[in-house]
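# Inside the fold
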Amino acid sequence: SSSPAPRNIPLLPGSPRRLSPQAGARGGQGPKHGQQCLRMPSPRAPGLQSSSSRDPGQPCGGESARSISVINNYLDANEPVPSEARLSRMHFHDNQRKVDYVLAYHYRKRGAHLAQGSLGHSLAVISNGEMGKEPHAGGPGDIELGPLDALEEERKEQREEFEHNLMEAGLELEKDLENKSQGSIFVRIHAPWQVLAREAEFLKIKVPTKKMYEIKAGGSIAKKFSVVLQKLSSPLQPRVPEHSNNKMKNLSYPFSREKMYLYNVQEKDTFFDNATRSRIVHEILKRTACTRANNTMGINSLIANNVYEAAYPLHDGEYDSPEDGMNDRKLLYQEWARYGVFYKFQPIDLIRKYFGEKIGLYFAWLGLYTSFLIPSSVIGVIVFLYGCATIEEDIPSREMCNQQNAFTMCPLCDKSCDYWNLSSACGTARASHLFDNPATVFFSIFMALWATMFLENWKRLQMRLGYFWDLTGIEEEEEHSRPEYETRVREKMLKESNKSAVQKLDTNTTECDDEDDEDKLTWKDRFPGYLMNFASILFMIALTFSIVFGVIVYRITTAAALSLNKATRSNVRVTVTATAVIINLVVILILDEIYGAVAKWLTKIEVPKTEQTFEERLILKAFLLKFVNAYSPIFYVAFFKGRFVGRPGSYVYVFDGYRMEECAPGGCLMELCIQLSIIMLGKQLIQNNIFEIGVPYLKKLFRKLKDETEAGETDSAHSKHPEQWDLDYSLEPYTGLTPEYMEMIIQFGFVTLFVASFPLAPVFALLNNVIEVRLDAKKFVTELRRPDAVRTKDIGIWFDILSGIGKFSVISNAFVIAITSDFIPRLVYQYSYSHNGTLHGFVNHTLSFFNVSQLKEGTQPENSQFDQEVQFCRFKDYREPPWAPNPYEFSKQYWFVLSARLAFVIIFQNLVMFLSVLVDWMIPDIPTDISDQIKKEKSLLVDFFLKEEHEKLKLMDEPVLRSPAGGDRSRSRAASSAPSGQSQPGSVMSSGSQHTNV
């Protein structure tokens, strides 16, 4: 069992956050009562003694000359532990204390080289955990190790002090000896029950009480429906214990040592699960100070200063080992993190239990989003099939394809381009009807309402999960300052104060929290950072626009070059569009990575105080840059291409001889569809396959090769049976959920912003997400170190971004339908200009006349091989004919169509916004059954408290009523002593097995 923790613990809740410099002086003392210094016996040459060797019974650290004694267990790594002695790789070497957290660092020794073959035969342990080298028989004396370099020595002292402070806080540590010239050392940390209980009370961690109650379904119809639904979906349910019974729920209450009788504490070692234990240890690590490291606060500062290399909780064993028993990690791998179970629901409760609430909420959100894509995909396919079915009935495309109409079009470029027949663009016109038809308008309205319903359902699911995961009413955890912020504040204080003031500050570090005026950065300190942010973001956006413009120039010049050659003239438009989109895709992928790094750098310059502030600012910058990067070429095609062309005889030129590019005869919607589909699919495929699978694999391979090159001194027995902390150390560190969310948010934009031009976007998003869920799951279970469990009530700033995209999508779709598509011109023609109420004559109506004799000198087609002599050519625009009083001015039809477009935008936007608000109002944020359960749970908790207090008082009064026997006195004391942690048999019998129907 765990040894008792020290009684005098300085780092209690509410105590000063920084230790005074005297902490280092206390380090020379030995450990307090109850802390042991265990050592594996090491064979020595007979008859030899060393000043560094010590009697095993002597308290560790007692007479150490210069070092801080911090380690409970000293282990000689070269003495193999018998296999029968090591029952679990998750425990200390005593097989009793569980490893809750691991600190890793790399050490390097300089000096005398140890002789080959002598390693491990003459080892001794000195008080600071170093290995001393003893002389061989007949040797001249002690072989001294060479001095460590100054930086390494400083880091070593900082580690010793930090580990000593951790023990002062009640944690128990174990680590191996530094018995090689260099290598990695793992400090294993165990939190005994006293520390867990103290910190759980301090952090207000909710734990289940002995009271259980049944969760009733709504009405009888709802209950029957849920039963039927459960039976139908049973093959899709993962086979995990959490999904077997969700009708019963424990009443939860924040942990309190004063009210131990409320909880069913059967086994202290298993009362808190592994994720909670590691979270408690991480909280202690974050607030433990190190005076030698300039009063830095917490493990994050030490990692930033390379004192430690990594800090992580352990996984629950291996996921694919047949020898180990079943654990949560293996269960998650079998039922969740494999592509073979893609059709099953996610075990969200088990994910939350293993990884914490923050990651649990991400996968719950991703699952809901993916399931919501199913109805939108079905409707999108129906819209696409409607376009396919009505393609033969589309009158405008039939008129364009009819060669008898013989619309002679004006040349597409100067000199080298000839006149051409509109019927040659028949294929483009027919294809554009697949996406430019009346059904896409209704699909746009549907998708705007779909986005609103998705967000409303997510709010409801979030509340439901919050209820079942006991997140209701949790307080915001105290945020510790970031290492960079502390360094910046220290630099500022050094500048503003003289040396005597600095010394005074160093001796009064406990008063740091009261020095609000000095110990913070003002807007003046941050102004250079803000200025740099503003200028850099403007530069990045300008860079994106310039690249888009560069691609436009490429399209114009390539189209002109290909038009010169007769062989390539027929496929100019297809070739230019395809190559330009691929260039755009490659540029987007490259800039995505650059912008991610730039956003991080810019956020560091701002020096945010807490990690949460840092994360929010980073997300906003990265989203802004990546949004502009991903959508700017699409926005150009949708809203700007073909708007600034001019007209025959008065074209707009980019450079000398190069005209601005025009839309295809069928409109720009088809090209928008091609652009959107290639960028969306390419981004998903390349980012998923190369960046999310290939790059981590290469990193893992590189780390493996690096470990093999440095593993010259490791013994073969250890490499064959590595410990769990070794296996986890070789995994990739967890870097947060920002990349995962960002990828899905950008995809959400593709699905909603331009869905009018690409109804199949939800289908491709759905196919991607089915793989993405399992890909992310596999990454978290098999490739990443276990993240720290973080409690949070919602997905934070991501919800606001989603809501903003949903609202913006209404405006963008309104403009796509009104401006990019031909929906409004067709509607205007059909109801205002058509003689018979049909679209017959629509193509002729949209084409204007131009007198070819008025073409500028040098722009006429050279060597025209057109069949007949051309007097008038046609171009797509609403302009007056050459014979009108004001030739080539905008016609009345142009202004009529323009006003109709703007009217449609206003009506569409207001209608959809109104419907969205209506949907929002009709769907309550908190499900009715959950709000009822929360109210009833509160009343149940009060009743349970009163009952337990009554039972406790009864047990206390019994010895008074009876004769005061020793046994009764002891039971009375047991009932009233809260911190003892023992549950009373009477209370367990009275209410431990009772259930209540709610």
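Keep in mind that this is a model prediction, so the values were computed, not measured. (Residues numbered from 1 in each chain as written. Predicted model: local features only at pLDDT ≥ 70, side-chain atom pairs only at ≥ 80, totals over all residues. Heavy atoms only, no water.)

### Observations concerning the overall build of the protein
Each helix and strand counted, the protein has 31 helices and 21 strands in total. Evaluated residue by residue, the protein yields a buried proportion of 50% over its 998 residues. Restricting the contact set of the protein to residue pairs at least 6 apart, pairs at least 24 apart contribute 81%. Counting only carbon and sulfur atoms, one obtains 58% of the accessible surface of the protein, whose full area is about 47800 Å². (Helix = DSSP H or I, 4+ residues; strand = E, 2+ residues; numbered from the N terminus. Buried < 20%, exposed > 50% of the residue type's maximum accessible area, 1.4 Å probe, protein only. Contact = heavy atoms within 4.5 Å. Areas by Shrake-Rupley, 256 points an atom, 1.4 Å probe, with all protein chains shown as cover.)

### Some thoughts on the packing of helix α26 (residues 823–833) against helix α28 (residues 892–922)
For the pair α26 and α28, interaxial distance at closest approach is 10 Å and the crossing angle is 120 degrees. Classified by the angle between their axes, α26 and α28 sit oblique to one another. By crossing handedness, the relation of α26 to α28 is classed as right-handed. On α28, the residues touching F823, I824, P825, V828, S832 and Y833 of α26 are Q893, F896, V897, A900, R901 and F904. Among the residues making up the contact of α26 with α28, the classes are represented as 9 nonpolar, 2 polar and 1 charged. (Axes fitted to C-alpha atoms, helices over the stretch in contact; angles between N-to-C directions. Parallel < 35°, antiparallel > 145°, perpendicular 65-115°, else oblique. Left-handed = near helix turned anticlockwise from the far one by under 90°. Nonpolar A, V, L, I, M, F, W, Y, C, P; charged D, E, K, R; others polar.)

### Some remarks on the pattern of salt bridges
For the structure on display, the rule yields 30 salt bridges. Note that K344 is salt-bridged to E335, the shortest N-O span being 3.0 Å. Take K344 and E335: they sit in the same class, and that class is buried. For K641, the salt bridge identified is with E661, shortest N-O distance 3.8 Å. Separated by 20 residues along the polypeptide, K641 in the loop between α19 (611–640) and β15 (646–647) and E661 in the loop between β18 (658–659) and α20 (669–710) bring together distant segments of the chain. The pair formed by K641 and E661 is uniform in burial state, with each residue classed as buried. Through salt bridges with shared partners, a single network forms among R555, K641, E661 and E671. (Salt bridge = Lys/Arg side-chain N within 4 Å of Asp/Glu carboxyl O.)

### Remarks on the UniProt feature "transmembrane region" (unreviewed entry) in the protein
Within this structure's numbering, the places UniProt gives as "transmembrane region" (unreviewed entry) are residues 362–386, 439–455, 530–554, 574–598, 618–639, 744–767 and 902–923. End-to-end, the C-alpha atoms of residues 362–386 are 36 Å apart, and along that stretch the chain is 100% helix and 0% strand. As a span, residues 439–455 carries 100% helix and 0% strand, and end to end its C-alpha atoms are 24 Å apart. (UniProt positions renumbered as here; feature names shortened; annotations may be inferred.)

### Concerning helix α23 (residues 738–753)
In this model α23 runs 22 Å from its N-terminal to its C-terminal C-alpha over 16 residues, within 8% of the 22 Å that 1.5 Å per residue would give. Of all 16 residues making up α23, 15 are buried, and the element is well covered by its neighbours. (Expected span 1.5 Å × (residues − 1).)

### Quick look at a nonpolar patch on the surface
Taken together, L236, F342, Y343 and F345 make up a surface patch of nonpolar side chains, about 390 Å² in accessible area. Mapped onto the elements of the fold, L236 is located in the loop between α4 (220–232) and β9 (248–254). Residue class for L236 comes out partly exposed when judged on its relative accessible area of 31%. (Patch = residues over 30% accessible without salt bridge, like charges linked within 9 Å, V, L, I, M, F, W, Y side chains within 5 Å.)

### Here's the deal with the packing of α19 against α23
Where α19 contacts α23, the two axes come as close as 11 Å, and the packing angle between them is 40 degrees. Where α19 crosses over α23, the handedness of that crossing is right-handed. On the side of α19, the interface is formed by E615, I619, A622, F623, K626, F627, A630, Y631 and I634, while α23 contributes T738, M742, I745, I746, G749, F750 and L753.

### Comments concerning the confidence of the model for the protein
Of all residues in the protein, 76% attain a pLDDT of 70 or more, and the chain-wide mean is 75. Every residue in residues 505–518 is under pLDDT 50, and counting partners more than four places away or in other chains gives 18 contacts. (pLDDT = per-residue confidence, 0-100.)

### Considering the environment of D925
With respect to the helices and strands, the residue D925 is situated in the loop between α28 and α29 (928–961). Overall, D925 belongs to the partly exposed group, its relative accessible area being 34%. Separated by 463 residues in sequence, D925 and Q462 have C-alpha atoms that sit 9.2 Å apart. Beyond its immediate chain neighbours, meaning those up to four positions away, D925 contacts E456, K459, R460, M463 and D920. Reaching out from D925, the side chain makes a polar contact with the side chain of K459 at a distance of 3.4 Å. (Polar contact = N/O pair within 3.5 Å; in protein donor to acceptor, adjacent residues only side chain to side chain.)

### Quick notes on empty space enclosed by the protein
Under the criterion given, the structure shown has 8 cavities of 30 Å³ or more. A volume near 100 Å³ is recorded for the largest cavity. Lining the largest cavity are 13 residues, with D414, Y651, R659, L855 and T859 positioned closest to its centre. Along the lines of polarity and charge, the residues of the lining of the largest cavity split into 7 nonpolar, 3 polar and 3 charged. Three or more residues apiece are contributed to the lining of the largest cavity by two domains, here domain 2 (394–411 + 439–478 + 794–855 + 869–952) and domain 3 (522–662). Its boundaries defined by the atoms lining it, the second largest cavity holds a volume of some 60 Å³. Along its surface, the second largest cavity is lined by M90, K98, V99, D100, N274, S278, P313, L314, D316 and R786. Here the lining of the second largest cavity is composed, by residue class, of 4 nonpolar, 2 polar and 4 charged. (1 Å grid on protein atoms, 1.4 Å probe; cavity = no way out; pocket = protein on both sides within 12 Å on 5 of 7 lines; lining within 4 Å. Points joined across faces, edges and corners; volume = space filled by probe spheres on them. Domains from an automatic or database assignment.)

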